[in-house]
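Here's the letter readout for the chains.
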Amino acid sequence: MAGSCKTIAIYGGGIGGALLARRLSKDCNVTLIDPLDYFEVPMSVPRSLVDPEFAEPAMIPFAVALPNVTRVRARLVEWTANGGRIADADGLRSLVRADVSVLATGSRFSSSLMRSEGETMDERKAFYRRFHARLLAADRILIVGGGPIGIEVAGEISEAFPQKRVTVIEAGARILGGTSLRLSEHARGVLAARGVTIVTDERLADGAAPLHETLAPAGEALTNRGRSIRYDLLISCIGGRPNTDFMRSQFGHLLDSMGRIRVDGHLRVADEDRVFALGDITDLAENKMAWHIHGQVIVAESNIRAVLSGGAGPLKVYRPKTNVPTMVVTLGSREGVAHLPVLGLVTTPWVNRMAKSAHMLVPKFRKALGLVQG
Ligand SMILES: Cc1cc2nc3c(=O)[nH]c(=O)nc-3n(C[C@H](O)[C@H](O)[C@H](O)COP(=O)(O)OP(=O)(O)OC[C@H]3O[C@@H](n4cnc5c(N)ncnc54)[C@H](O)[C@@H]3O)c2cc1C
């Protein structure tokens, strides 16, 4: 039970923070600070947008997943030499001090479509129902961003609503630029066969569309090549910036040019013995994916325990998965395309269904957070 161990403050209860909190809270005093009161499986979001019922098992209250953790509903606004300055929804500020701190605040996107920024679980569920109503009424859908998230959203919509006119616009030379060309070409072929229009090497002109709004009214967006695209529903799938603004006032020198926190091989924030960071906010040279974070959690847990017990033994080293193109991209609930270790490119529908398309990894994360599969 908690009590024998010193205090650990974890900022951010996403994939990295929640899994670490659960492991450490078996015998340590853990406090989790997050503006949300629940964990949402990120992979479920593209499906929840077309099927609000799917969101039900994909959202788990922290109170259920992390019963032994002290939960504080607030946001880290400033990292200081004495700990984290946090602010709750009313702006009330306080300082959290702990023997060890862990920064795991993840990524933020152009809007709160992919990641809620402070809603309650019930408000998030209500949002999915409102979005679904807009989707039902829309004929022309414009998806901005042809990375994994935009392509998965295009896959969901084109499968569930084959009659709708879907366009994906991608600024890069090809969709899914972060993985292999063959994977990208397969996904493009499947979507094109469903009638999805894919525009690459072209971007929306600055200010051409309200990308910060989740339910913007119908409109017309102009691209940098002078093309005009009319839409009933605009879906922004761009962004993915690290949530590290809290470092800027006192520890900006620990951020790289992308705003990511420099960590050493032990996942400690550079120059800080008792501050760890993991997940999307780190400068580790690997794709920012949940797939890699499990390994980080194991190393961070071991090193935090070693630091707290004052052990003289060597700390564990995390080796980033540099240039590993592993990725599983769903194209609706029945198809997908994957680049897997050993197997390489996998286009077989049933393998992709098993790997992710059928369930969007919801049972895996429910199990990891101590809930029975379902
Ligand atoms: C739609 C979508 C689909 C994805 N699909 C896949 C996939 O199939 N496979 C894969 O491997 N990866 C996938 N990813 C990427 C994966 O989800 C991320 O790499 C992973 O969630 C990052 O984990 P994290 O712990 O760093 O941060 P997150 O999981 O993003 O969690 C961050 C947490 O920090 C909280 N927070 C934010 N700011 C603050 C603050 N200032 N103070 C306190 N708390 C804060 C947030 O509320 C959140 O709970 C997907 C991501 C998205 C959005």
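Residues numbered from 1 in each chain as written. Predicted model: local features only at pLDDT ≥ 70, side-chain atom pairs only at ≥ 80, totals over all residues. Heavy atoms only, no water.

S.K.: How should the UniProt feature "domain: FAD/NAD(P)-binding" (unreviewed entry) in the chain be read in this particular structure?
M.R.: Here the UniProt-annotated "domain: FAD/NAD(P)-binding" (unreviewed entry) positions come out as residues 7-286. Along residues 7-286 one finds 25% helix and 27% strand; the C-alpha atoms at either end are 30 Å apart. (UniProt positions renumbered as here; feature names shortened; annotations may be inferred. Helix = DSSP H or I, 4+ residues; strand = E, 2+ residues; numbered from the N terminus.)

S.K.: Help me understand unusual backbone geometry, please; the structure alone is not making it clear to me.
M.R.: Most peptide bonds take the trans configuration, and most residues that are not glycine carry a negative phi. You will see that Leu 176, though not glycine, has its phi angle at about 55 degrees, which is positive. Here Leu 176 shows up in the loop between strand E12 (165-169) and helix H7 (181-193). Take Leu 176: its relative accessible area is 1%, and that puts it in the buried class. Its identity as a non-glycine residue notwithstanding, Met 360 has a phi of 55 degrees, on the positive side. Inspection of the secondary structure assignment puts Met 360 in the loop between helix H10 (349-357) and helix H11 (362-368). Residue classification places Met 360 among the buried positions, given a relative accessible area of 0%. (Buried < 20%, exposed > 50% of the residue type's maximum accessible area, 1.4 Å probe, protein only.)

S.K.: What's the story with the sheet that holds strand E19 (residues 327-330) in this structure? I'm lost.
M.R.: The sheet built from 3 strands is open, its strands ordered E19-E20-E21 with antiparallel pairing. Whereas interior strands pair on both sides, the edge strands pair on one side only; in this sheet they are E19 and strand E21 (344-346). Shown here is a sheet whose adjacent strand axes are inclined to one another by a mean of 10 degrees, direction ignored. Looking at chain direction, strand E20 (residues 336-340) and E21 are connected through 3 bridges and run antiparallel. From the neighbouring strand, His 339 faces E21, where its bridge partner is Leu 345. The sheet strands contacting H10 are E19, E20 and E21, and the helix crosses E19 at an angle near 100 degrees. (Pairing = 2+ DSSP bridges. Axes fitted to C-alpha atoms, helices over the stretch in contact; angles between N-to-C directions. Contact = heavy atoms within 4.5 Å.)

S.K.: I tried to follow the domain arrangement of the chain on my own but got confused; where do I start?
M.R.: How big an interface is tends to be stated in terms of accessible area lost as the parts join. Along its sequence, the chain is organised into domain 1 (7-111 + 240-309) and domain 2 (121-239 + 325-368). Here the C-alpha centroids of domain 1 and domain 2 sit 27 Å apart. Counting from both sides, the interface comprises 36 residues of domain 1 and, opposite them, 38 residues of domain 2. One can count 3 salt bridges joining domain 1 with domain 2. Counting the contacts that link domain 1 with domain 2 gives 11 residue pairs in polar contact (both at pLDDT 80 or more). Ranked by residues supplied to the side of domain 1 that touches domain 2, first place goes to helix H2 (residues 45-50) with 6 residues. (Domains from an automatic or database assignment. Salt bridge = Lys/Arg side-chain N within 4 Å of Asp/Glu carboxyl O. Polar contact = N/O pair within 3.5 Å; in protein donor to acceptor, adjacent residues only side chain to side chain.)

S.K.: What should I look at first to understand the packing of aromatic side chains in this one?
M.R.: Aromatic rings in a pair are described by how distant their centres are and how their planes are angled relative to each other. Scanning the model with the defined rule gives 4 aromatic pairs in all. With a centroid separation of 6.4 Å and an interplanar angle of 40 degrees, the aromatic rings of Phe 39 and Phe 365 are classed as tilted. Taken together, the residues span a long stretch of sequence, with Phe 39 in strand E3 (residues 38-40) and Phe 365 in helix H11 at a distance of 326 residues. One exposure class covers both Phe 39 and Phe 365, and it is buried. Here the aromatic rings of Phe 127 and Phe 131 are separated by 6.1 Å at their centres, their planes lie at 50 degrees, and the arrangement is tilted. (Phe/Tyr/Trp six-rings, centres within 6.5 Å; stacked < 30°, edge-to-face > 60°.)

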